[in-house]
Amino acid sequence: MKILMGLLRPDYGTVMVEGLDPVRDPIAVRQIVGYVPEVPRLYDYLTGIEYLDFVADLYGLSPEVKKERVDEFLTAFGLKDQGNDLLSGYSLGMRQKIALTAGLIHRPKVLILDEALNGLDPRSAKIVKDTLLKLSSDGVTILFSTHVLEIAEAICRKVTILDKGNILAEGNMEELRQRAGGLNLESIFLNLTGSADVKAIVEELTA
Amino acid sequence: MAQLRASATGRNVRSFIRRPTALVVLDIALFAAAAVISYIVGITMSTDPTTVVAIRPLLSGALVTLPALILGIIFVLGLVLEVSGGSQFAASDAINWLPVSAGEFVIGSVLTFAIYYSVVPVLFISATLPLAYIFGMIRSWELGTVLSVFAIFIGASVLEIIRAVLNRFSSSFYKKGGRGAIATRAIFYVLLILVFQVMFYPTFYTRIIGDITSNLGPAWFIPILWSSVSVSALQGGNGLVSASFALLFVSLTGGLFFGAIFTRTRYWVPMPASIRISTSAYSPRGSSPLVGILSPSQLAITRKDLRGLVRRREMMRFLSLPFVFLVTSVIGVSSGGGLGGFQFAGFFIVGLSSVIISMAAIGSEGKAIANLYQYPLSVRDFVVGKGATPAIFGALFAVAFFVITGLISRLGIPEVVMLLVPALLLVFEMTLFGMYIGARFPNFSEFSRSSFMSQSAGLIGVPLSFLLMAISVGPFLFGQLSGSGTSGIFAGFGITLAIIVIAILVLYRMVSIQARKLLSQLPGQD
């Protein structure tokens with residue numbers, strides 16, 4: 001994900017994002033990609049609104065568009081009343097909502113999300129999931145990384161299972177079931193990684 | 001101890017001296033060194049009867065004020081370092097939910113404080129020991145030393161009380177105060193740092209000693225001076241008064257210690273205050289004095305950094321730097337009229353201030369530097385955006401410095417302008433130089449009281465900046481001081497401007513190249 005964003009140089013090989021090389025042209029890539037890291041590194045001394053205003057300026061949004069989108073997202077995520085509070089006082093979930101807003105505010109063509117639903121309350125998580133589904137149907141490419149397999153199963157059209165840097169399987173849910181057996185993604189994952197039998201470990205931990 | 005150990009993680013001098021055992025070893029070494037030097041000085045002075053007559057009252061005064069001075073220094077030092085500590089320093093947050101009582105926390109915190117700042121009293125005590133022995137005041141020294149130890153604990157306890165009360169006060173104040181509260185806090189912290197710096201002026205110090213020793217009689221009711229009354233009474237042969245005030249001082253220590261436990265228990269609020277800056281609806285700014293000069297991205301970074309400069313505790317020492325320089329300069333500047341040497345030193349003062357703030361500009365992003373990598377920010381926007389805040393700050397300081405010192409020195413407007421023009425250009429030059437060093441040797445780690453740059457930055461950057469400043473303003477100063485008349489003055493002025501402009505162009509290119517390297521990969525990924 002960091003290579004896609006041009007945050008990390010690849011040791012070898014190339015990757016293209018919407019026809020753009022993130023190593024040669026990282027700014028153009030970042031203009032069209034929305035990125036939500038696993039741990040949002042926000043500026044604690046800014047308010048939520050100030051941070052979003054800052055991000056919107058970096059994306060070159062006009063004042064009218066900024067106002068419309070910031071108000072829209074803050075209302076949707078229930079942060080309207082906390083918008084003028086410093087980020088230092090935000091909970092993990094609130095910070096995640098701000099990070100999500102920052103990733104979506106410029107209407108990206110590609111969205112890269114790393115454990116984006118961490119800390120979200122059920123209502124906000126539902127909003128994000130439905131938003132991602134809507135964006136996907138509008139043609140936005142979404143790369144979603146998660147260890148919460150129920151979420152991946154619920155919203156992802158295509159799933160890639162990685163283990164120690166190797167692709168173990170790829171495809172939609174039906175294809176994965178045929179390949180690895182199992183009713184749900186969790187059992188498919190455990191079957192593929194050979195870690196289905198955890199009973200002995202649990203018994204040792206609780207002994 | 002947790003705070004000490006948490007910061008002793010790296011392999012550098014700073015982390016080494018935060019190890020408790022290392023501090024004890026350091027204290028012993030300093031004690032021995034200071035005592036030896038003081039002994040040699042004392043033996044030398046004791047051979048001259050005139051010197052002996054002059055030294056005795058000074059030494060007597062120093063021993064009388066020793067505990068009070070140590071208390072004052074420790075207290076202000078602790079306050080300043082508490083103030084400039086990073087607000088996100090979380091090593092001790094676990095204390096709030098682990099089974100540690102308020103009493104245990106206060107004991108631990110006070111002991112940590114006493115050990116961490118022990119070098120200050122150790123130096124004073126060891127320096128006075130040989131002199132007291134040589135000049136027959138060893139009893140006073142013994143009493144002063146014992147009371148100094150209690151003074152350290154008084155200072156630490158008072159700091160704990162203030163910390164707990166301020167924490168609760170802040171929580172309520174910030175909820176209501178918003179921008180006003182933030183601004184008040186910034187002003188308070190800057191004034192505090194200013195007081196601390198002025199306290200270490202030699203003339204201020206000797207005046208304090210004189211004032212305390214000459215007014216002890218009427219000052220007996222001031223608790224922090226009970227130690228001084230005790231030592232003074234011992235020197236005057238009044239053992240009963242001495243013992244009584246010593247006992248009162250010790251009781252004060254105990255009282256304040258239990259006061260610290262009480263306030264900790266009652267007022268401590270572990271969760272960070274939710275600070276509301278304003279209640280107005282979001283209204284994106286369409287205009288600013290810098291629109292047209294800076295692009296939207298550059299302006300966004302500048303706004304962010306200016307807010308950080310005022311709101312972040314760890315930036316207070318940078319915010320205070322120009323004020324400290326300005327006040328100490330005003331104290332020192334000649335009021336006799338005409339261009340004095342101090343105005344010329346002002347170039348270096350203004351330049352150094354710009355260098356230090358700009359060297360920290362990039363590292364001060366901390367882990368949030370990731371933001372500048374994931375959004376579409378060009379190298380030019382990065383360089384100009386990050387450089388704007390130190391440049392603006394430096395320019396304002398330069399104007400304030402030369403106008404105020406010019407008024408005091410009764411300079412004419414043309415003379416002030418002649419100083420200001422190269423000074424303002426020097427600010428830009430030094431800002432770019434500082435940014436180059438800061439981009440070359442950044443430190444993004446977020447430990448308490450981080451300098452935001454590596455040790456190499458300080459060791460290389462500051463001396464080099466002086467060299468650069470000397471080369472840049474040298475011709476101007478030469479023209480002013482050489483007595484070569486108007487033509488020499490203007491020639492020097494012109495050459496200096498040319499050097500600075502060329503330096504600005506070269507440094508901008510260097511900063512851009514370094515910034516491009518820095519922005520090619522998120523730090524910490526190697």
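As the structure is a prediction and not an experimental result, all values here were calculated from the model.

Undergrad: Quick question: what am I supposed to make of the overall build of chain B here?
TA: Along its length, chain B carries 19 helices and 0 strands. Residue burial in chain B is summarised as follows: out of 526 residues, 39% are buried. In chain B, the proportion of contacts linking residues at least 24 apart, taken out of those at least 6 apart, comes to 81%.

Undergrad: Would you mind showing me how to read the overall build of chain A here?
TA: Scanning chain A from terminus to terminus reveals 9 helices and 5 strands. Going from the N terminus to the C terminus, chain A shows its helices and strands as α-β-α-α-α-β-α-β-α-β-β-α-α-α. Structurally, chain A occupies a C-alpha span of about 55 × 45 × 30 Å along its principal axes. Per-residue burial for chain A yields a buried fraction of 38% across its 207 residues. Intrachain contacts of chain A at a sequence separation of at least 6 include 60% that bridge at least 24 residues.

Undergrad: Just to check I follow, could you spell out the sheet that holds strand E2 (residues 110-114) of chain A for this structure?
TA: The strands that make up a sheet are held in pairs by hydrogen bonds between backbone atoms, and each pair lies either parallel or antiparallel. Residue and element names in this part refer to chain A. The parallel open sheet is built from 3 strands, whose spatial order is E1-E2-E3. A single partner strand is all that each edge strand has here, and the edge strands are strand E1 (33-36) and strand E3 (141-145). Mean inter-strand twist for the sheet, computed between neighbouring axes without regard to direction, equals 10°. Across 4 bridges, E1 lies against E2 in parallel orientation. Bridge assignment links Val33 to a residue of E2, and that residue is Val110. Lying on the sheet, helix H4 (residues 92-104) is in contact with E1 and E2; it crosses E1 at an angle near 170°.

Undergrad: Help me out: how do you make sense of the interface of chain A and chain B in this one?
TA: Buried accessible area, meaning the area lost when the parts come together, often serves as the stated size of an interface. Taken together, the contact pairs 36 residues of chain A with 36 residues of chain B. Put simply, the parts of the chain that give the side of chain A that touches chain B at least two residues each are helix H1 (26-32), helix H2 (48-58) and helix H3 (63-76) of chain A. Element by element, the count of residues in the side of chain A that touches chain B is highest for H2(A), at 6 residues. Tallied by class, residues from the side of chain A that touches chain B come to 18 nonpolar, 7 polar and 11 charged.

Undergrad: What's the story with the packing of H2(A) against H4(A) in this structure? I'm lost.
TA: Residues and elements named next belong to chain A. Interhelical geometry of H2 versus H4 gives an angle of 20° and a closest axis separation of 10 Å. Classified by the angle their axes make, H2 and H4 are roughly parallel. Here the hand of the crossing between H2 and H4 comes out right-handed. Packed against H2, whose contacting residues are Gly48, Tyr51, Leu52 and Val55, the element H4 presents Ile98, Thr101 and Ala102 at the interface. Here the residues of the contact of H2 with H4 sort into 5 nonpolar, 2 polar and no charged.

Undergrad: Just to check I follow, could you spell out the domain arrangement of chain A for this structure?
TA: Residue and element names in this part refer to chain A. The domains assigned to chain A are domain 1 (1-156) and domain 2 (158-207). The straight-line distance from the C-alpha centre of domain 1 to that of domain 2 is 28 Å. On the side of domain 2, 7 residues touch domain 1, which itself brings 4 residues to the contact.

Undergrad: How should H2(A) be read in this particular structure?
TA: Since there are 3.6 residues in each turn of an α-helix, residues three or four apart along the chain are aligned in direction. Judged by how many residues are buried, H2(A) sits mostly within the fold: 11 of 11 residues are covered. Residues Gly48(A), Ile49(A), Glu50(A), Tyr51(A), Leu52(A), Asp53(A), Phe54(A), Val55(A), Ala56(A), Asp57(A) and Leu58(A) constitute the buried set of H2(A). Residues of H2(A) that are buried sit in contact with H3 and H4 of chain A together with helix H12 (296-311) of chain B. Backbone geometry just after H2(A) places Gly60(A) at a positive phi near 75°.

What counts, and at which threshold
Residues numbered from 1 in each chain as written. Chains lettered and ligands numbered in written order. Predicted model: local features only at pLDDT ≥ 70, side-chain atom pairs only at ≥ 80, totals over all residues. Helix = DSSP H or I, 4+ residues; strand = E, 2+ residues; numbered from the N terminus. Buried ≥ 20, exposed ≤ 12 C-beta atoms within 10 Å, placed from the backbone. Contact = placed C-beta atoms within 7 Å. Pairing = 2+ DSSP bridges. Axes fitted to C-alpha atoms, helices over the stretch in contact; angles between N-to-C directions. Nonpolar A, V, L, I, M, F, W, Y, C, P; charged D, E, K, R; others polar. Parallel < 35°, antiparallel > 145°, perpendicular 65-115°, else oblique. Left-handed = near helix turned anticlockwise from the far one by under 90°. Domains from an automatic or database assignment.

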